[in-house]
Amino acid sequence: MSPEERAPNNTHVSEPAKDTHEAFAHSFDDAKNGVSPAPLNPAFELQLPRVSHTLSELAALLIDARALWDIRTFNCQTLPWEASFPALASFVLALEDEALEALDASQDKLYETLRPALETDLSQAGLSWNSALFSWKLTELKGIEQRSAALLPERQVSRFAAGIKGRKWEQISRFAAALSQSPTPYPVLEWCAGKGHLGRLIGAVSHKPVLSLEWQQQLCLDGEKEAQKRGVNQRFVCADAFSEEAELLQGEQHALALHACGELHLVLLRRAAAAKTRAISLSPCCYHLIQGEQYAGLSDSARATGLVLDKHGLQLPLNHSVVASAKENQDRLKEVQWRLGFDSLQRHLRRDDSYLPLPSVRQSLLSGSFDAFCRWACELKGLALPEDFCGNEWLAQGCQRQRLTRRLDLVAHLFRPVIEQYLLLDRAAFLLESGYRVSLSAFCPPGVTPRNALIDARRD
């Protein structure tokens, strides 16, 4: 038992923190006791005509610029768009390798660096792209850090955070703090709950019953034990979110989902809208994890644009390592280099100039030699290597090809915010079309998680 759990009831809590916590509890209790739900923050509330217009503008840009972002870099031996964008091609090829990582890490710096060359090519072609679409970012709700620190009395925080990694706890507590700004009187449905950390915190702060949906039975059992220990009214339903058993959404309910992946959050939105669920708070993640191969939009507004994205395009916003360590970035670059080296080798061995995908690689494999990596990959793919195989030539080819793929990726990454804004507004438009009032904001800074969007919806 931790010192905090052994602490007596009169453990000192600083008065400002205590007062703030009580104010939060009272705001949730007011909602619970029949007071009307707090309105959405008007600074972040969206209107359908404006959202539809922006979706059309984003889609037009993505369709015009598809050659720059919709490419498979592992298949490229040259810059495939060089003839259409010669100034941009010359500029990125002249960039020092050492400068690429810092450029890729900062979306603003990336755009401002590539912008002159890009605009030169656009001017030559008689085109003009809206620069604001490349520099878009979510606006963070004010005071969330302070509110998240005051959700619970100080002596309870360590107990609720026990067993949750620091960054994950920060995401959960900030998401809960964002919801405390617009509390609702409805019981909570936590979608794709895992162990129910978010629901448990919301239940503790709001004193409302929580129903948590999770398909892994052990996570449900663990979550129920934690809820009992913390005295939270939280019940788990162990079911696949795609199944009929998961038809749990009702009208008088507040549905929550923090980082529900792809198809899972799309199902939530469809079912919640059909059930006329009164409140929905969602932070989407992993847009590419969908059941089909292509995505034409959830909303009528998005489908009307004619833009269709495949899984590669849907994944592009996630290709931003703002929270990765220097070692993680080095390991990632090394893995790509080795994969490209093997790709050149397998094309030679098979006498087939086509890409041969490899599965995920264990970290231990990258700690060995490139020769050992090639032997593992060849055995996996049923390819024969000569007994005296030496991989130096192929590793050199991998290094050379990586110089190209990094520059192709750099240009494609200009469109990360364009695609993510399109996907977020598509979800918002769907809710607006379904009769909800909707706000869109950031519940935390990107350094806590780059998937920091909060779509908050209310139905009168």
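Throughout what follows, the structure given in this document is the object of discussion. (Residues numbered from 1 in each chain as written. Predicted model: local features only at pLDDT ≥ 70, side-chain atom pairs only at ≥ 80, totals over all residues. Heavy atoms only, no water.)

With respect to the overall build of the chain
Spelled out, the test is: Secondary structure is summarised from DSSP: a helix means a run of H or I of at least four residues, a strand means a run of E of at least two, and numbering begins at the N terminus for each. We compute the radius of gyration from the C-alpha atoms alone; for a globule the expected value is 2.2 Å times N to the 0.38, where N is the number of residues. Here's how the labels work: a residue is buried when its accessible area is under 20% of the maximum for its type, exposed when over 50%, partly exposed in between, all with a 1.4 Å probe on protein chains only. Residue contacts are counted whenever heavy atoms from the two residues lie within 4.5 Å of one another. Using the Shrake-Rupley algorithm and a 1.4 Å probe, accessible areas are obtained, with residue cover drawn only from the displayed protein chains.
Looking only at helices and strands, one finds 20 helices and nine strands in the chain. By the compact-globule yardstick of 23 Å for 460 residues, the chain fits well, its C-alpha radius of gyration being 25 Å. Along the three orthogonal principal directions, the C-alpha set of the chain runs to about 70 × 55 × 45 Å. For the chain, with 460 residues in total, the buried portion stands at 50%. Sequence-distant contacts, at least 24 apart, represent 75% of the contacts inside the chain between residues at least 6 apart. Counting every atom, the chain has about 21100 Å² of accessible surface; 51% of that belongs to carbon and sulfur.

Section: the nonpolar core
Nonpolar side chains tend to gather and get buried jointly when the protein is soluble and globular. To keep things clear, this is the line we draw: Take the buried residues of types Ala, Val, Leu, Ile, Met, Phe, Trp, Tyr and Cys, join any two whose side-chain atoms come within 4.5 Å, and each joined set is a nonpolar core.
With 86 residues, the main nonpolar core has Trp81, Leu88, Trp129, Trp191 and Phe415 as its most contacted residues. If you tally residues by element for this core, the top one is helix α20 (residues 416-433), at eleven residues. Look past the residues within four positions of Trp191 in its chain and what remains in contact with it is Leu213, Ala241, Ala246, Leu249, Leu256, Ala257, Ala260, Leu264, Val267, Leu268 and Arg271.

Concerning the packing of helix α6 (residues 97-105) against helix α19 (residues 392-412)
For clarity, the cut-off: Orientation is described by axes fitted as lines to C-alpha atoms, over the contacting stretch for helices, and by angles from 0 to 180 degrees between their N-to-C directions. With respect to orientation, any angle under 35 degrees is reported as roughly parallel, any angle over 145 as roughly antiparallel, any angle of 65 to 115 as roughly perpendicular, and every other angle as oblique. Each crossing gets its handedness from the near helix: less than a right angle anticlockwise from the far helix is left-handed, clockwise is right-handed. Asp, Glu, Lys and Arg are counted as charged, while Ala, Val, Leu, Ile, Met, Phe, Trp, Tyr, Cys and Pro are counted as nonpolar; the rest, among them Gly, fall into the polar class.
Running from amino to carboxyl end, α6 crosses α19 at an angle of 30°, the nearest separation of the two axes being 11 Å. With respect to α19, the axis of α6 lies roughly parallel. Crossing handedness for the pair α6 and α19: left-handed. Contacts between α6 and α19 pair Asp97, Leu100, Glu101, Leu103 and Asp104 from the former with Arg403, Arg406, Arg407 and Leu410 from the latter. Taken together, the residues of the contact of α6 with α19 break down into three nonpolar, no polar and six charged.

Observations concerning the sheet that holds strand β1 (residues 188-190)
Threshold: Any two strands are treated as partners once DSSP identifies two or more bridges connecting them.
Reading across from one edge, β3-β2-β1-β4-β5-β9-β8 is the order of the seven strands in this open sheet, with mixed pairing throughout. The sheet terminates laterally at β3 (234-238) and β8 (437-442), the two strands that pair on one side only. Pairwise comparison of adjacent strand axes, ignoring direction, gives a mean angle of 15° for this sheet. Note that β1 and strand β2 (residues 210-214) share three bridges and pair parallel.

Some remarks on the pairing of β2
This is how it is decided: Looking down the strands as they point away from you, a crossover is right-handed if its path from the first strand over the helix to the second goes clockwise.
Most of β2 is tucked away, with five of its five residues classed as buried. Burial along β2 is two-sided: Val210, Ser212 and Glu214 facing one way and Leu211 and Leu213 facing the other are all buried. In this fold, β1 hands off to helix α11 (residues 197-206), which returns the chain to β2; that crossover is right-handed. As paired strands, β2 and β3 are joined by five bridges and run parallel to one another. Looking at the pairing, Val210 lines up with Gln234 of β3. This β-α-β element, β2 to helix α12 (residues 217-230) to β3, shows right-handed connectivity.

Focus on the layout of surface pockets
Note the threshold: Every definition here rests on a 1 Å grid over the protein atoms only: cavities are sets of points where a 1.4 Å probe fits but cannot get out, pockets are open sets enclosed by protein on both sides within 12 Å along at least five of seven lines, and lining residues have some atom within 4 Å of a point. Grid points are joined across faces, edges and corners, and a volume is the space filled by probe spheres set on the points.
By volume, the largest pocket amounts to about 1400 Å³. Along its surface, the largest pocket is lined by 41 residues, and Gln315, Asn319, Arg332, Val336 and Asp409 are the ones closest to its centre. In terms of residue count, helix α16 (residues 326-350) provides more of the lining of the largest pocket than any other element does, eight residues in total. Residues belonging to the lining of the largest pocket are distributed by class as follows: 18 nonpolar, twelve polar and eleven charged.

Things to note about the packing of aromatic side chains
Note the cut-off: Stacked, tilted and edge-to-face are the three classes applied to pairs of Phe, Tyr and Trp rings, where Trp contributes its six-membered ring and a pair requires centres within 6.5 Å; stacked means planes under 30 degrees apart, edge-to-face means over 60, and tilted covers the rest.
Applying the stated criterion to the full structure yields twelve aromatic pairs. Where Trp129 meets Phe415, the ring centres are 6.4 Å apart and the plane angle is 75°; that geometry is what we call edge-to-face. Placement of the pair is Trp129 in the loop between α7 (107-124) and α8 (144-149) and Phe415 in the loop between α19 and α20, with a sequence separation of 286 residues. Neither residue differs from the other here; Trp129 and Phe415 are each classed as buried. With 5.5 Å between their ring centres and 55° between their planes, Trp338 and Phe373 make a pair best called tilted. With Trp338 in helix α16 and Phe373 in helix α18 (residues 370-381), the pair connects residues that are 35 residues apart, well separated along the chain. Just as Trp338 is buried, Phe373 falls in that class too.

So, the pattern of salt bridges
Which entries qualify depends on this criterion: Salt bridge criterion: a side-chain nitrogen from Lys or Arg within 4 Å of a carboxyl oxygen from Asp or Glu.
Going through the model one piece at a time under the given rule, you end up with 31 salt bridges. With its nearest N and O atoms 3.8 Å apart, the salt bridge here joins Arg174 to Glu140. With Arg174 in helix α10 (residues 166-180) and Glu140 in the loop between α7 and α8, this residue pair connects regions lying 34 residues apart in the sequence. Looking at Arg174, the relative accessible area reads 5%, which means it is buried. The partly exposed category is assigned to Glu140, whose relative accessible area is 32%. Ionic pairing is found between Lys311 and Glu293, a salt bridge with its closest N-O pair at 3.7 Å.

Let's talk about empty space enclosed by the protein
To find leftover empty space, a probe the size of one water molecule is rolled over the atoms. All told, the structure shown has two cavities of 30 Å³ or more when counted by the stated rule. Computed from the structure, the largest cavity encloses a volume of approximately 80 Å³. Lining the largest cavity are Leu40, Asn41, Phe44, Leu141, Ala178, Gln181, Ser182, Ser439, Ser441, Leu454 and Asp456. Those elements that provide at least two residues to the lining of the largest cavity are β8 and β9 (453-458). Along the lines of polarity and charge, the residues of the lining of the largest cavity split into five nonpolar, five polar and one charged.

A word on α19
Short version of the rule: Expected helix span is given by 1.5 Å per residue-to-residue step, counting one fewer step than there are residues.
Here α19 contains 21 residues, and its C-alpha end-to-end distance of 30 Å stays within 8% of the 30 Å for a straight helix at 1.5 Å per residue. What α19 keeps buried is the set Trp394, Gly398, Arg401, Gln402, Leu404, Thr405, Arg406, Arg407, Leu408, Leu410, Val411 and Ala412.

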